[in-house]
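Observations on the model geometry
One-letter residues, chain by chain:
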Protein chains: 2
Amino acid sequence: MTHTASFDGVRDAARQIAGVAVRTPLIESPALNDRLGGRVLMKAENLQHAGAFKFRGAYNRISRLTEAEKSRGVVAYSSGNHAQAVAAAARMVGTSAIIVMPADSPKVKVEGVIGFGGEVRLYDRYTESREAIGEEIAASKGSVLVRPFDDPFVIEGQGTTGLEIVEQAGPSTIDQLLCGTSGGGLMAGINLSMAALSPDTVCHGVEPADYNDTQISLAQGERLTHAPAGGTICDALMTDRPGELTFPINRRLADILTVTDAEVAEAVRYAFRVLKLVVEPGGAVSLAALLAGKIEAKGLTTAIVLSGGNVDPALFADIIEGRFPGMA
Amino acid sequence: MTHTASFDGVRDAARQIAGVAVRTPLIESPALNDRLGGRVLMKAENLQHAGAFKFRGAYNRISRLTEAEKSRGVVAYSSGNHAQAVAAAARMVGTSAIIVMPADSPKVKVEGVIGFGGEVRLYDRYTESREAIGEEIAASKGSVLVRPFDDPFVIEGQGTTGLEIVEQAGPSTIDQLLCGTSGGGLMAGINLSMAALSPDTVCHGVEPADYNDTQISLAQGERLTHAPAGGTICDALMTDRPGELTFPINRRLADILTVTDAEVAEAVRYAFRVLKLVVEPGGAVSLAALLAGKIEAKGLTTAIVLSGGNVDPALFADIIEGRFPGMA
């Protein structure tokens, strides 16, 4: 029980998820390269099973349950993508899943959980504690709580994204990498991989402007909660504090870039128009940072993660038709 | 000048477009496999440069122009995807392009041509002949007419799609392949590749129900024009007669499947919801045929081509929100 997240664990996770998770493509767009004057390698985790990178970590954790644990089921709390991933992985290994989700989760994500056979328990994001509800269910049923990021197996599963980026980039040197950061599981897993395989790649986290807890935490050198915020279209990135296990790993980040909702909406529309990819707002923050010029890409090779694609049709329609507030 | 389309030409085209065209991923979705009870390998040509497979053929043709030809520019007629591809390829090799497009072309395609620096000449799809207009411009300017399908270099360029499918499928045996068919350039190129590399793969063309000219032509053994039709959302597949060069090659097809506009809309929505890909209606006919059960996929490995992703936002919004007529 003293397993610590490491690059060896990432390699082990890669073996564990092989043939089950999708080895998503690393996509390059001549139009995007032209626009930025550099090369952009996009890891398309929106094409992952259940529509987000989350399946990697969930499957890496859940597939290691003992038969006794499987008989009691799993429980998870999540804004949506981890929820779907846990439900999908649970069904694959033959166990049940109860998912604690915010009542304001995108409908597409709640439906996704139900579609994968999961049981949904809604809670109020502003008055209830999802951790407390999750712990309570786990205690009463004896089921395993699958945490969204503060679990070494989950971090290592997400880290396979970084491993694959390096493998798929082949001989190309990756000068910099951008990845959305919320609880920090994906970012931490990728940091483990890049530190081992491509240590000179400069890694940057990306957060929504009002949900910059990792940014202020890195500045202060301790885990801090961001100021109360009024919401964001990046529903996948609303965790209010860096993870206990993820933050120490993510201290190797060069910095955190932030993007506004309007910048994210422009990126989602760009992905529709030019890349022909369905990317959800929270999955498009790295692309948004590039398109909004938050970091220099000219003459460089930049890897970014398009981390998910689970977006409600009505919001997506508003964005691609330019109706979202602040869009040009 | 007696160049005939062949598999050797496809191999040569692959060398010609290497590093310029996108080697698009062959994507697999566990959710789609589950639904159909078989494996589906999707060649994502919506991720191709300029948003459709057409760039392969256009670049393979235009990059072979002599300096004298380049100085006089190129001209093309197209419902949209070939138009954008010719404009993009022309700019890359340093020549100019005039594109003859139907006045009812999707706005996104007209804008695409202009965005790539092309000059647009609109015509009336129902009263004017695009071939005549194109020939006239070519004659008056001395420019090279880049035909959308009846050109051996164009057919060979499109054939690289099939070559890559076989290479990317690796050791997997492809039992059957589905591909949208209009003028038949992509289908013919793929037939050349499959005949050479995977002759046991059963190839099926797919057409919109009312635009079934290849279906009736194959049945009669000669190139026929389909009955007058009232329109389709598959704007990319509205050619009314198989090509002179493509039809003889496409006679090796097992058959033609047909799909309705409502079935196509369901496939576009499925691609949004589950695959997280933006596929235009004309690019989704093979997926539509599978989802609508027009062919058995259970226990088989089926390759399909998602041939383009250039769709107007308003139509896409209608489809993903289920407002298109006939959707469930």
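Because the structure is a prediction, the values reported are computed rather than measured. (Residues numbered from 1 in each chain as written. Chains lettered and ligands numbered in written order. Predicted model: local features only at pLDDT ≥ 70, side-chain atom pairs only at ≥ 80, totals over all residues. Heavy atoms only, no water.)

**Notes on the pairing of strand β3 (residues 74-77) of chain A**
Residue and element names in this part refer to chain A. Burial along β3 is two-sided: the face carrying V74 and A76 and the face carrying V75 and Y77 are both buried. Since β3 and strand β4 (residues 97-102) lie parallel, the crossover through helix α5 (residues 81-93) that links them has a hand, and here it is right-handed. Pairing geometry for β3 and strand β6 (residues 144-145), over 2 bridges, is parallel. Pairing of V75 across the sheet is with L145, part of β6. (Buried < 20%, exposed > 50% of the residue type's maximum accessible area, 1.4 Å probe, protein only. Helix = DSSP H or I, 4+ residues; strand = E, 2+ residues; numbered from the N terminus. Right-handed = clockwise from strand over helix to strand, strands pointing away. Pairing = 2+ DSSP bridges.)

**Details of the interface of chain B and chain A**
Counting from both sides, the interface comprises 25 residues of chain B and, opposite them, 25 residues of chain A. Summing the contributions of chain B and of chain A, the shared interface buries around 2100 Å²; its carbon and sulfur component is 73%. For the chain B face of the interface with chain A, the top three residues by lost area are F272(B), K276(B) and V278(B), together amounting to 29%. Counting across the interface, chain B meets chain A through 0 salt bridges. For the pair chain B and chain A, the number of links is 6 residue pairs in polar contact (both at pLDDT 80 or more). Listing elements by their share of the side of chain B that touches chain A, those giving two or more residues are α2 (30-36), α12 (261-275) and α14 (313-320) of chain B. Taken together, the residues of the side of chain B that touches chain A break down into 17 nonpolar, 5 polar and 3 charged. (Contact = heavy atoms within 4.5 Å. Buried area = accessible area lost by both parts, 1.4 Å probe. Salt bridge = Lys/Arg side-chain N within 4 Å of Asp/Glu carboxyl O. Polar contact = N/O pair within 3.5 Å; in protein donor to acceptor, adjacent residues only side chain to side chain. Nonpolar A, V, L, I, M, F, W, Y, C, P; charged D, E, K, R; others polar.)

**Some words on the pattern of salt bridges**
A full pass over the atoms with the stated rule returns 38 salt bridges over all chains. We note a salt bridge from E164(A) to K43(A), for which the minimum N-O separation is 2.7 Å. Taken as a pair, E164(A) in helix α8 (residues 152-169) and K43(A) in strand β2 (residues 39-44) lie far apart in primary sequence, 121 residues in all. Each member of the pair, E164(A) as well as K43(A), is classed as buried. The shortest N-O distance in the salt bridge between E111(B) and K107(B) comes to 3.3 Å. With E111(B) and K107(B) both in helix α6 (residues 107-115), this residue pair falls 4 residues apart, about one helical turn. For E111(B), a relative accessible area of 44% gives the class partly exposed. Members of the salt-bridge network, linked through shared partners, are K43(A), E45(A), R56(A) and E164(A).

**Structural notes on the relation of the copies chain B and chain A**
The two copies are related by a screw operation: chain B maps onto chain A through 180° of rotation and 0.0 Å of translation along the axis, at an RMSD of 0.0 Å. What we have between these two chains is a two-fold relation. Interface residue correspondence from chain B to chain A reaches 100%, placing this contact among same-surface, isologous pairings. (Least-squares fit on C-alpha atoms with pLDDT ≥ 70 in both.)

**Considerations on the sheet that holds β2(A)**
All names here are of chain A. One open sheet holds the 6 strands; their spatial order is β1-β2-β10-β7-β8-β9, and the pairing between them is mixed. Because the sheet does not close on itself, it has two edges, and the strands there are β1 (26-27) and β9 (255-259). In this structure, β2 lies alongside strand β10 (residues 301-306), joined through 6 bridges in parallel fashion. Bridging across to β10, M42 finds its partner in I304. Contacting β1, β2, β7 (176-180) and β10, α8 crosses the sheet at an angle of about 135° to β2. (Axes fitted to C-alpha atoms, helices over the stretch in contact; angles between N-to-C directions.)

**Focus on the packing of helix α1 (residues 7-17) of chain B against helix α3 (residues 54-62) of chain B**
Residue and element names in this part refer to chain B. Relative orientation of the contacting elements α1 and α3 amounts to 90°, with a least axis distance of 10 Å. Viewed along their axes, α1 and α3 adopt a mutual orientation that is roughly perpendicular. Between α1, through A13, Q16 and I17, and α3, the contact on the second element is made entirely by R56, Y59 and N60. For the contact of α1 with α3, a count of residues per class yields 3 nonpolar, 2 polar and 1 charged. (Parallel < 35°, antiparallel > 145°, perpendicular 65-115°, else oblique.)

**Let's talk about helix α5 (residues 81-93) of chain B**
Residues and elements named next belong to chain B. The end-to-end C-alpha distance of α5, which contains 13 residues, comes to 19 Å, matching closely the 18 Å that a straight helix rising 1.5 Å per residue would cover. Summarising burial for α5: 11 of the 13 residues are buried, a large majority. Burial in α5 covers these residues: N81, H82, A83, Q84, A85, V86, A87, A88, A89, A90 and V93. Where α5 is buried, its residues touch α3, α4 (67-72), β3 (74-77), β4 (97-102) and α6. Positive phi shows up at G94, right after α5, with a value of about 80°. (Expected span 1.5 Å × (residues − 1).)

**Points about the sheet that holds strand β6 (residues 144-145) of chain B**
Residues and elements named next belong to chain B. Taking strand neighbours across the sheet as the criterion, the 4 strands line up as β5-β4-β3-β6 in an open arrangement whose pairing is parallel. Each having just a single partner strand, β5 (119-123) and β6 make up the two edges of the open sheet. Running at roughly 170° to β4, α5 makes contact with β3 and β4 of the sheet.

**Things to note about the packing of aromatic side chains**
Across all of its chains, the model carries 7 aromatic pairs over all chains by this definition. Centroid distance F316(A) to F272(B): 5.1 Å. Interplanar angle 50°. Geometry classified as tilted. With F316(A) in helix α14 (residues 313-320) and F272(B) in helix α12, the pair connects residues from two separate chains. Neither F316(A) nor F272(B) differs from the other in exposure class; each is buried. Through pairs of rings, three or more aromatic residues link up here, namely F272(A), F316(A), F272(B) and F316(B). (Phe/Tyr/Trp six-rings, centres within 6.5 Å; stacked < 30°, edge-to-face > 60°.)

**Points about the nonpolar core**
A general trend in soluble globular proteins is that nonpolar side chains are found buried together. By size, the foremost hydrophobic cluster in this structure holds 84 residues, and its most contacted members are L32(A), L287(A), F316(A), L32(B), L277(B), L287(B) and F316(B). For L32(A), the contacting residues outside a window of four places in its chain are V40(A), M42(A), Y270(A), L275(A), L287(A) and L291(A). (Core = buried A, V, L, I, M, F, W, Y, C linked by side-chain atoms within 4.5 Å.)

**Concerning the domain arrangement of chain A**
Residue and element names in this part refer to chain A. Considered domain by domain, chain A is made up of domain 1 (7-52 + 153-320) and domain 2 (55-145). On the side of domain 2, 22 residues touch domain 1, which itself brings 30 residues to the contact. With both sides pooled, the region where domain 1 packs onto domain 2 buries about 2200 Å², and carbon together with sulfur makes up 54% of that total. Its salt-bridge partner being E45, residue R56 comes within 2.6 Å of it at the nearest N-O pair. At the boundary of domain 1 and domain 2, one finds 15 residue pairs in polar contact (both at pLDDT 80 or more). (Domains from an automatic or database assignment.)

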